[in-house]
There are 2 protein chains.
Amino acid sequence: MDDVDRALIAELQRDAAQAYALLGRAVGLSAGAAHDRVRKLRERGVIRRTTVEVDPAALGQGVLAFVMVDSSAWMGEASESFAAIPEIQEAHVIAGTASVLVKVRTATTEQLQDVLRRLYAIEGVNGTQATVVLETFFERPVRAD
Amino acid sequence: MDDVDRALIAELQRDAAQAYALLGRAVGLSAGAAHDRVRKLRERGVIRRTTVEVDPAALGQGVLAFVMVDSSAWMGEASESFAAIPEIQEAHVIAGTASVLVKVRTATTEQLQDVLRRLYAIEGVNGTQATVVLETFFERPVRAD
DNA sequence: TCTGAAATATAATGTGC
DNA sequence: GCACATTATATTTCAGA
């Protein structure tokens, strides 16, 4: 995991569809060497997968909200309960008054309300505190360099 | 933007490195037809780019926190001020008491503290309320199906 | 661990349906 | 808009340094 690996990752985050020859040139390596390093980064799990970034609004998910989920019980084993709600994009156990923070995308605020209803149905959930996003400044990949 | 397009996007989110022949088979299309639809989805901006998903911990960013940024002034034009802090992965203008919600990744809590310091330095920022993530249940792509 | 080249597979394009 | 065929291009592998 040296500077060349980090540069490769940064390039791949920018465009994972480019040829290895180009990728190698960007970091000062031959196509074969770039290929080899990327393969190892995948094997070691540093690179988890190649994926596409989509426009949520184009998929009919123009509403973004963060929801603090308050609970009475220990939520450390409740991962599946949250994963079962498809509108939830992220779920994190947090330190503080609430116990879980979730990121939710829906088409409408009515659907957001329905997600809150389903969150209340999870065993141990006491309350929710939803914060609706008015504008997203930016969402960018994990910093590689 | 029909069900086939949505299925294509879901498949590409799972693995954007697969061949068009496989991709087409997964949604009941020939390789050429799949290729054509994906090209159009890119042109229309539904698919923004092909990228790689990385393990933040492997890049030395094991600390994740969400920070509510309170402000006195209107923060609607402050995008660049937040973007200038590389540890900030996402920044959203929100409805509610705070005005901006940011997602931050650092190596240590000391570095998180330093990010808070830099947030305070932004014109109009009154205070911050950081919530450290203890465990991430999941982070998954935008729902396509 | 890299380079360079050869074999193999895929992408991209165009034609007809 | 889809399927098929053809060309161009990239991936993948391997020998050698």
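Here, the structure is the one placed above.
Residues numbered from 1 in each chain as written. Chains lettered and ligands numbered in written order. Predicted model: local features only at pLDDT ≥ 70, side-chain atom pairs only at ≥ 80, totals over all residues. Heavy atoms only, no water.

Considerations on the overall build of chain A
Item 1. Per the secondary structure count, chain A includes five helices and five strands.
Item 2. The C-alpha radius of gyration of chain A comes to 20 Å, more than 25% above the 15 Å expected for a compact globule of 145 residues.
Item 3. Here the C-alpha coordinates of chain A stretch approximately 55 × 35 × 25 Å along the principal axes.
Item 4. Side-chain charges of chain A comprise 16 positive and 20 negative groups, with the mean position of each set lying 8 Å from the other. (Helix = DSSP H or I, 4+ residues; strand = E, 2+ residues; numbered from the N terminus. Rg over C-alpha atoms; globule rule 2.2 N^0.38 Å. Lys, Arg positive; Asp, Glu negative; His and termini not counted. Charge placed at Lys NZ, Arg CZ, Asp CG, Glu CD.)

Thoughts on the sheet that holds strand 4 (residues 100-106) of chain A
Item 1. Spatially, the eight strands close up into a barrel ordered 2(A)-4(A)-3(A)-5(B)-2(B)-4(B)-3(B)-5(A), and their pairing is antiparallel. Neighbouring strand axes in the sheet, compared pairwise and without regard to direction, differ in orientation by 35° on average.
Item 2. Relative to strand 5 (residues 125-139) of chain B, strand 2 (residues 63-71) of chain B is paired through seven bridges, and the arrangement is antiparallel. Across the sheet, residue Ala65(B) finds its bridge partner in strand 5 of chain B, namely Val132(B).
Item 3. Against the sheet, helix 5 (residues 109-120) of chain A makes contact with strand 2 (63-71), strand 3 (88-94), strand 4 and strand 5 (125-139) of chain A, and its axis sits at roughly 140° relative to strand 5 of chain A, the strand it touches most. (Pairing = 2+ DSSP bridges. Axes fitted to C-alpha atoms, helices over the stretch in contact; angles between N-to-C directions. Contact = heavy atoms within 4.5 Å.)

A look at the interface of chain A and chain B
Item 1. Taken together, the contacts link 61 residues of chain A with 61 residues of chain B.
Item 2. Between chain A and chain B lies a buried interface of about 5,900 Å² when both sides are counted; carbon and sulfur atoms form 59% of it.
Item 3. Measuring nitrogen to oxygen at the nearest pair gives 3.2 Å for the salt bridge that ties Asp55(B) to Arg48(A).
Item 4. Put simply, chain A and chain B have 39 residue pairs in polar contact (both at pLDDT 80 or more) between them.
Item 5. Of all the elements in the fold, those that place two or more residues in the side of chain A that touches chain B are helix 1 (3-14), strand 1 (47-54), strand 2, helix 4 (79-83), strand 3, strand 4 and strand 5 of chain A.
Item 6. Residues belonging to the side of chain A that touches chain B are distributed by class as follows: 36 nonpolar, 11 polar and 14 charged.
Item 7. Direction of pairing for strand 3 of chain A relative to strand 5 of chain B: antiparallel, over a ladder of five bridges. Bridge pairing in strand 5 of chain B places Ala91(A) opposite Phe138(B). (Buried area = accessible area lost by both parts, 1.4 Å probe. Salt bridge = Lys/Arg side-chain N within 4 Å of Asp/Glu carboxyl O. Polar contact = N/O pair within 3.5 Å; in protein donor to acceptor, adjacent residues only side chain to side chain. Nonpolar A, V, L, I, M, F, W, Y, C, P; charged D, E, K, R; others polar.)

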